[in-house]
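Observations on the three-dimensional arrangement
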Amino acid sequence: MNDRFYKANKNEVELFKQAAEQRLPVMLTGPTGCGKTRLIEHMGEVLGRHVITISCHDDLTSADLVGRFMVTGGDVIWSDGPLTRAVKEGAICYMDEVVEARHDSLAVLHSLTDHRRTLYLDRADDVIQAPDTFMLVCSYNPAYRSSLKELKPSFRQRFVTVAMNFLQPEQEIEVLVSEANISESIAKRLVKCATAIRDADDVFHFEPPSTRALVTAAKMIAVGASELEAAEVAILAPLSNDGAVTDGLSEIAAACLAHTE
Ligand SMILES: Nc1ncnc2c1ncn2[C@@H]1O[C@H](COP(=O)(O)OP(=O)(O)OP(=O)(O)O)[C@@H](O)[C@H]1O
Ligand SMILES: [Mg+2]
């Protein structure tokens, strides 16, 4: 099985390549488990570039990104942060859940994401010009965004933004077969189940079941769980703790997983 198998949804692979060719930063948005991280891993392979990942959180400082002076054995030496390493190496720097980072921490990215493509290391008194292969890619899930956590327009408008969503059913079936080695007919039923729940999204107010959840269910089935058990633990239970909702979901799952073929 190919770890980095990526099934293109629409034109995102081409858009990513075009942005890379023009040395433009890319922002991926979309629901959890729809393939954002997988796309970046895949593009790292396609473009032959190393991917350096930074998981963003609200304690992340600009020093965590660019680096800091450290005392080692009585000497004070500069230690590059992951962003600086990615710039020096000409790698893809992937900032996951970028909306979690504070605005002041992200300010250091401004000069890297416009025509200057330059990283200013004020504390180390250094200026680094990014090589052509350096690329900044960020991602976040707009559904998690609270009013307190908005990216600034001056940040957002620097990026080529690709809004991702779940694959079409035939594509998602292919992913499940490839990722978990299950039969196409089982994959079809799992996808039918997810699609029914996603379509009932207006009734249930929660994040829809992800491709990741379906892959997890498929993996459980591959080692002996029944389809209903797998749907319960991998798709339904992670969606809601509300008993009434869970009952409704179980009914949908039971109807979709009934072997009708
Ligand atoms: N287009 C795709 N091609 C192949 N596998 C996919 C695709 N989309 C989703 N998957 C499967 O779903 C899993 C989750 O995808 P991924 O980790 O890329 O989601 P994500 O969008 O980064 O989610 P999160 O926002 O939670 O980080 C992958 O490990 C893979 O098994
Ligand atoms: Mg991800």
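All values reported here derive from a predicted model rather than from experimental measurement. (Residues numbered from 1 in each chain as written. Chains lettered and ligands numbered in written order. Predicted model: local features only at pLDDT ≥ 70, side-chain atom pairs only at ≥ 80, totals over all residues.)

**Focus: helix α7 (residues 169-180)**
Counted only if it meets this: Numbered from the N terminus, helices here are DSSP runs of H or I no shorter than four residues, and strands are runs of E no shorter than two. Helix span is expected to be 1.5 Å times the residue number reduced by one. Exposure classification rests on a simple neighbour count of other C-beta atoms within 10 Å of a residue's own: a residue reaching 20 or more is buried, one at 12 or fewer is exposed, and one in between is partly exposed. C-beta atoms are placed from the backbone. What the arc describes is the spread of directions from the helix axis to the C-beta atoms. With C-beta atoms placed from the backbone, a contact is any residue pair whose C-beta atoms sit within 7 Å.
The end-to-end C-alpha distance of α7 is 16 Å, a good match for the 16 Å that twelve residues give at a rise of 1.5 Å each. Those residues of α7 lying buried are E172, I173, V175, L176, E179 and A180. Buried residues along α7 cover an arc of 160° about the axis, so they all sit on one side. Along its buried surface, α7 packs onto α8 (184-199) and α9 (211-222). One or two steps after α7, the chain reaches N181, where phi turns positive at roughly 60°.

**Thoughts on the site of ligand 1**
To keep it simple, the criterion reads: All residues are tested the same way: a C-beta atom is placed from the backbone, and lying within 6 Å of a molecule or strand makes the residue near it. Asp, Glu, Lys and Arg are counted as charged, while Ala, Val, Leu, Ile, Met, Phe, Trp, Tyr, Cys and Pro are counted as nonpolar; the rest, among them Gly, fall into the polar class. Domain delimitation follows an automatic or database domain assignment.
Inspection of the region around ligand 1 gives 19 residues, with T32, G35, K36, T37 and R38 positioned closest. Sorting the residues of the shell around ligand 1 by element identifies α2 (36-47), α7 and α9 as the ones contributing at least two each. Residues belonging to the shell around ligand 1 are distributed by class as follows: six nonpolar, eight polar and five charged. The residues that make up the shell around ligand 1 include at least three from each of domain 1 (12-163) and domain 2 (169-257).

**A word on the domain arrangement of the protein chain**
When cut into domains, the protein chain gives domain 1 (12-163) and domain 2 (169-257). The straight-line distance from the C-alpha centre of domain 1 to that of domain 2 is 33 Å. Each partner contributes residues to the interface: domain 1 has six residues there, and domain 2 has six residues. Partitioning the side of domain 1 that touches domain 2 into residue classes produces three nonpolar, three polar and no charged.

**Let's talk about unusual backbone geometry**
Glycine aside, negative phi is the norm for most residues, and most peptide bonds take the trans geometry. A positive phi angle, near 55°, is found at R23, a position not held by glycine. As for its position among the elements, R23 is in the loop between α1 (12-21) and β1 (26-29). In this structure, R117 is a non-glycine residue whose phi angle is positive, near 45°. Relative to the assigned elements, R117 resides in the loop between α5 (103-106) and β6 (118-121). You can call R117 partly exposed: it has 18 C-beta atoms within 10 Å.

**Digging into the pairing of strand β3 (residues 67-72)**
The line we're drawing: Two strands pair under a simple rule: DSSP has to find at least two bridges between them.
The sheet contact formed by β3 and strand β4 (residues 75-80) spans six bridges and is antiparallel. Directly across from V71, in β4, lies its bridge partner V76.

**Some thoughts on α9**
With twelve residues, α9 extends 16 Å between its outermost C-alpha atoms, agreeing within 8% with the 16 Å of an ideal straight helix rising 1.5 Å per residue. Those residues of α9 that fall on the buried side of the exposure criterion are T211, A213, L214, V215, A217, A218, M220 and I221. Among the structural elements, α7, α8 and α10 (227-236) are those in contact with the buried residues of α9. Following α9 by one or two positions, G224 has its phi on the positive side, about 115°.

**Digging into the sheet that holds strand β9 (residues 160-163)**
To keep it simple, the criterion reads: As a rule, the C-alpha atoms of each element are fitted with a line to give its axis, helices using only the stretch in contact, and angles between N-to-C directions run from 0 to 180 degrees.
Strand order in the open sheet formed by five strands is β2-β5-β8-β1-β9, with parallel pairing between adjacent strands. Unpaired on one side and paired on the other, β2 (51-55) and β9 mark the two borders of the sheet. The mean angle between the axes of side-by-side strands here comes to 20°, regardless of whether they run parallel or antiparallel. Two strands pair when backbone bridges link them, and β1 and β9 are joined in this way by four bridges, in the parallel orientation. Across the sheet, residue T29 finds its bridge partner in β9, namely A163. Along the sheet face, α1 touches β1, β8 (135-140) and β9 and points at about 170° away from the line of β9. Contacts from α2 reach β1, β2, β5 (92-96) and β8 within the one sheet, and its direction differs from that of β5 by about 175°.

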